[in-house]
Amino acid sequence: MTSWKMTYDIRNSTCAQQTLVSLTGVPLSIWKQYVGQENEFRCTDNLVEYIVSSYGNLPQNYRDFIFIYFHITTSANGCASFRKYGVLNLTDAYLCSDSELRMFLEKRNIYIDLQQEILRYGKKTFDIHFGCCPKENTEAYHCWSVGRKFYYDFGTCGFLSISEMSPYLGQVHRRPEILMDIDNLLQTNLSQEWASKHIAYEIVAQIKGSNIVYDGYGNSEEKDIVLSYLSSAYSIAFGRSSQKILLAEKKVHIPPTDILEINQIKYWK
């Protein structure tokens, strides 16, 4: 079992401060001494590296961390499917016959056969195979975009931290992103219809570092990745809130036992 001391939680400044202390062994009083001295270092990574090397220890591997994050979703039944199945990727969520997304689409005569790679709408059938990208703003492109969501960009994601004043551009607090792609293909109004009948929730969950995708720049060394995460913790701990995204490996599911809280959200109107 991973030690509590390896928990990475930067949902707010208090959690981020605790994360810095528990992961590095550097007392909070030391961290606070360097607040305001950031300009003396080339970047936050250098500042954090200096503090840790002088007063504590640098964790060897971010894959040993337990990350706490927000998964933002919408529901009309109090997130019943999340309580039953956990956080599933888009493909597996659609395959659940009682998922809100699938029932919503089928009630509107939209059926998706993921094995045959087709979408049926009334008497029309569309090929949603994900291959080479067609010319934009064509029916083929809109079919491709739907397929891209189901066969490529289907992993779960969330936020290590958020800015309550700046909604995520994907508008996940209003509707599943796939509905926008289906709207573009079928010329429907599913996104607005969903948003009018569903409530936004944040699902607080935990995930092992070995099950996430580091989304930083370049092929960073392990030390650089750890420093990057600690720098994000420092920024949240002593700066302003900002949006930090977490990406899970595509086929990773978060079981119900790893869901810590489910709350309605009031921000991102």
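What counts, and where the lines are drawn
Residues numbered from 1 in each chain as written. Predicted model: local features only at pLDDT ≥ 70, side-chain atom pairs only at ≥ 80, totals over all residues. Heavy atoms only, no water. Phe/Tyr/Trp six-rings, centres within 6.5 Å; stacked < 30°, edge-to-face > 60°. Helix = DSSP H or I, 4+ residues; strand = E, 2+ residues; numbered from the N terminus. Buried < 20%, exposed > 50% of the residue type's maximum accessible area, 1.4 Å probe, protein only. Pairing = 2+ DSSP bridges. Axes fitted to C-alpha atoms, helices over the stretch in contact; angles between N-to-C directions. Contact = heavy atoms within 4.5 Å. Core = buried A, V, L, I, M, F, W, Y, C linked by side-chain atoms within 4.5 Å.

Trainee: Would you take a moment to explain the packing of aromatic side chains for this structure?
Mentor: On inspection of all chains with the given rule, the structure shows 21 aromatic pairs. Their ring planes at 70° and their centres at 5.8 Å tell us that Tyr-94 and Phe-150 sit as a pair that is edge-to-face. Taken as a pair, Tyr-94 in helix H5 (residues 90–95) and Phe-150 in helix H7 (residues 139–151) lie far apart in primary sequence, 56 residues in all. Neither Tyr-94 nor Phe-150 differs from the other in exposure class; each is buried.

Trainee: Any chance you could explain the sheet that holds strand E4 (residues 118–121) here in plain terms?
Mentor: Across a sheet, strands are paired by hydrogen bonds formed along the backbone, either parallel or antiparallel in direction. Strand order in the open sheet made by the three strands is E3-E4-E5, with antiparallel pairing throughout. Sheet topology places strand E3 (110–113) and strand E5 (124–127) at the edges, where each strand pairs with a single neighbour. Pairwise comparison of adjacent strand axes, ignoring direction, gives a mean angle of 20° for this sheet.

Trainee: Help me understand the side chain of Ser-163, please; the structure alone is not making it clear to me.
Mentor: Along the chain, Ser-163 falls in the loop between strand E6 (157–161) and helix H8 (177–186). For Ser-163, a relative accessible area of 14% corresponds to the buried category. Those residues in contact with Ser-163, other than ones at most four positions away along the chain, are Ser-241, Ser-242, Gln-243 and Trp-268.

Trainee: Looking at this structure, I do not really get the nonpolar core. What am I missing?
Mentor: It is characteristic of soluble globular proteins that their nonpolar side chains tend to be buried jointly. Among the nonpolar cores identified, the biggest contains 42 residues, and Tyr-8, Trp-31, Tyr-62, Phe-67, Leu-160, Ile-207 and Tyr-229 are the most heavily contacted of them. Listing elements by their share of this core, those giving two or more residues are helix H1 (13–24), helix H2 (28–33), helix H3 (44–55), strand E2 (66–75), strand E7 (199–208), helix H10 (222–238), strand E9 (244–248) and strand E10 (259–264). The dominant element in this core, judged by the number of residues it contributes, is H10, at nine residues. Contact partners of Leu-160, with chain neighbours within four places excluded, come to Tyr-8, Ile-10, Arg-11, Phe-67, Ile-68, Tyr-69, Phe-70, Tyr-229, Lys-244, Ile-245 and Leu-246. Counting residues in hydrophobic clusters, the runner-up holds 22 residues, among them Leu-90, Leu-105, Leu-114 and Val-146.

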